[in-house]
Amino acid sequence: MDRKALYAGSFDPLTNGHLNIIERASSLFDSLTIAVVVNPNKKSLFSVEERVEIAKEATSHLKNVRIDQFSGLLADYVNDEGFNAVVRGLRVTNDFDNELQMAQMNALLFKNGAETVLLMTDPKYSFISSSLIKEVATLGGDISGLVPECVLRRIENKLQEESK
Ligand code: COA
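Everything in this summary refers to the structure shown in the same document. A quick note: this is a predicted structure, and the numbers were derived from the prediction, not measured.

Rules and cut-offs
- Residues numbered from 1 in each chain as written.
- Predicted model: local features only at pLDDT ≥ 70, side-chain atom pairs only at ≥ 80, totals over all residues.
- Heavy atoms only, no water.
- Phe/Tyr/Trp six-rings, centres within 6.5 Å; stacked < 30°, edge-to-face > 60°.
- Buried < 20%, exposed > 50% of the residue type's maximum accessible area, 1.4 Å probe, protein only.
- Lys NZ or Arg CZ within 6 Å of the ring centre and 35° of its normal.
- Helix = DSSP H or I, 4+ residues; strand = E, 2+ residues; numbered from the N terminus.
- Polar contact = N/O pair within 3.5 Å; in protein donor to acceptor, adjacent residues only side chain to side chain.
- Contact = heavy atoms within 4.5 Å.
- Pairing = 2+ DSSP bridges.
- Right-handed = clockwise from strand over helix to strand, strands pointing away.
- Salt bridge = Lys/Arg side-chain N within 4 Å of Asp/Glu carboxyl O.
- Axes fitted to C-alpha atoms, helices over the stretch in contact; angles between N-to-C directions.
- Core = buried A, V, L, I, M, F, W, Y, C linked by side-chain atoms within 4.5 Å.

Some remarks on the packing of aromatic side chains
- Applying the stated criterion across every chain yields a total of three aromatic pairs.
- Seen in terms of ring centroids, Tyr-7 and Phe-11 are 5.4 Å apart; in terms of plane orientation they differ by 65°. Their pairing is edge-to-face.
- Overall, the relative accessible area of 5% leaves Phe-11 in the buried class.
- Relative to Tyr-77, the ring of Phe-70 lies with its centre 4.5 Å away and its plane at 5°, an arrangement referred to as stacked.
- In this structure Tyr-77 comes out as buried when scored by relative accessible area, which is 8%.
- One aromatic cluster is present, built from ring pairs that chain together Phe-70, Tyr-77 and Phe-83.
- For the cation-ring pair, Lys-4 lies above Phe-83, with the distance from its terminal atom to the ring centre recorded as 5.5 Å.

Here you go:
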């Protein structure tokens, strides 16, 4: 039986912390879907289409990874697509409370017994969030080493466009 996992998030933008979770999860499951969550109420730096393109570029070396997007309830998407597991990254102990709450709510909503699987983030990336990356980059700080090359390039281009 194929074990299909989902890793969902805003990914605005995808960071090396996310990529680390993706690489490890892709080796644990037969296939891994990265899904960009469409949330029209959340102001984002990158459009959903750009975030999907970034995810494709950053994971092109991983043959069992595909990229998708969805809106609405994560559990509906999981039930429709038949995922066996939802992967989440744990960075700091604070993350645990939210993850436990979401995992327990989702367990009620999953119809096929899908499990939430928590992977501990590599300590190299435990302090990163997408918002922090955007804040530091916008204020001229160096974010190289914290995001994939394609993200670095696209953030630089966006900031140049904005400064014109
Ligand atoms: N490395 C680096 N950064 C990480 C990370 C890692 N391993 N793991 C998480 N982060 C960052 C994210 O970039 C994000 O940063 P931001 O808040 O600055 O954008 C932050 O930590 C929180 O991450 P996460 O909890 O994954 O939030 P998210 O918005 O990316 O994804 C959803 C959360 C979309 C999966 C969740 O809200 C959801 O399921 N939404 C659908 C609606 C739904 O079903 N709701 C009911 C849930 S029970």
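Some remarks on the side chain of Asn-84
- If you trace the backbone, Asn-84 turns up in the loop between helix H3 (74-81) and strand E4 (85-90).
- From its side chain, Asn-84 meets the backbone nitrogen of Lys-4 in a polar contact 2.7 Å long.
- Among all residues touching Asn-84, those that are not within four sequence positions of it are Met-1, Asp-2, Arg-3, Lys-4, Ala-114 and Glu-115.

Describing the pairing of strand E2 (residues 31-38)
- Looking at chain direction, strand E1 (residues 4-9) and E2 are connected through six bridges and run parallel. In the strand pairing of E2, Gly-9 is matched with Val-36.
- At this point the chain moves from E1, through helix H1 (residues 16-28), to the parallel E2, and the crossover so formed is right-handed.
- Where E2 lies against strand E3 (residues 65-71), seven bridges are found, and the strand directions are parallel. Following the sheet pairing, Val-38 is matched in E3 by Ser-71.

Details of the pattern of salt bridges
- Evaluated as defined, the whole model comprises 11 salt bridges.
- For Lys-124, the salt bridge goes to Asp-122, with nearest N and O atoms at 3.9 Å.
- Residue Asp-122 is classed as partly exposed on the basis of its relative accessible area, which comes to 21%.
- Among the charged side chains, a network of salt bridges with common partners joins Glu-53, Glu-57, Arg-153 and Arg-154.

So, unusual backbone geometry
- Going from Asp-12 to Pro-13, the amide bond is cis rather than trans, its omega being 0°.
- Mapped onto the fold, Pro-13 is located in the loop between E1 and H1.
- In this structure, Phe-11 is a non-glycine residue whose phi angle is positive, near 50°.
- Mapped onto the secondary structure, Phe-11 falls in the loop between E1 and H1.

A closer look at the sheet that holds strand E5 (residues 115-120)
- Taken together, the five strands give an open sheet; going across it, the order is E3-E2-E1-E4-E5, and neighbouring strands pair in parallel fashion. Here the strands that pair on one side only, and so sit at the sheet edges, are E3 and E5. When strand polarity is set aside, the average angle formed by the axes of neighbouring strands in this sheet is 35°.
- Lying on the sheet, H1 is in contact with E1, E2, E3, E4 and E5; it crosses E5 at an angle near 125°.

Some thoughts on the nonpolar core
- The biggest cluster of nonpolar side chains holds 35 residues, and the ones touching the most others in it are Tyr-7, Leu-14, Ile-22, Leu-32, Ile-34 and Val-87.
- Put simply, the parts of the chain that give this core at least two residues each are E1, H1, E2, helix H2 (48-58), E3, E4, helix H5 (130-138) and helix H6 (149-163).
- In terms of residues, this core owes the most to one element, H2, which gives five residues.
- Not counting the four nearest positions on each side in its chain, Ile-34 is found in contact with Tyr-7, Phe-11, Ile-22, Val-65, Arg-66, Ile-67 and Asp-68.

Functional significance is not addressed by these values, which are geometric in nature.
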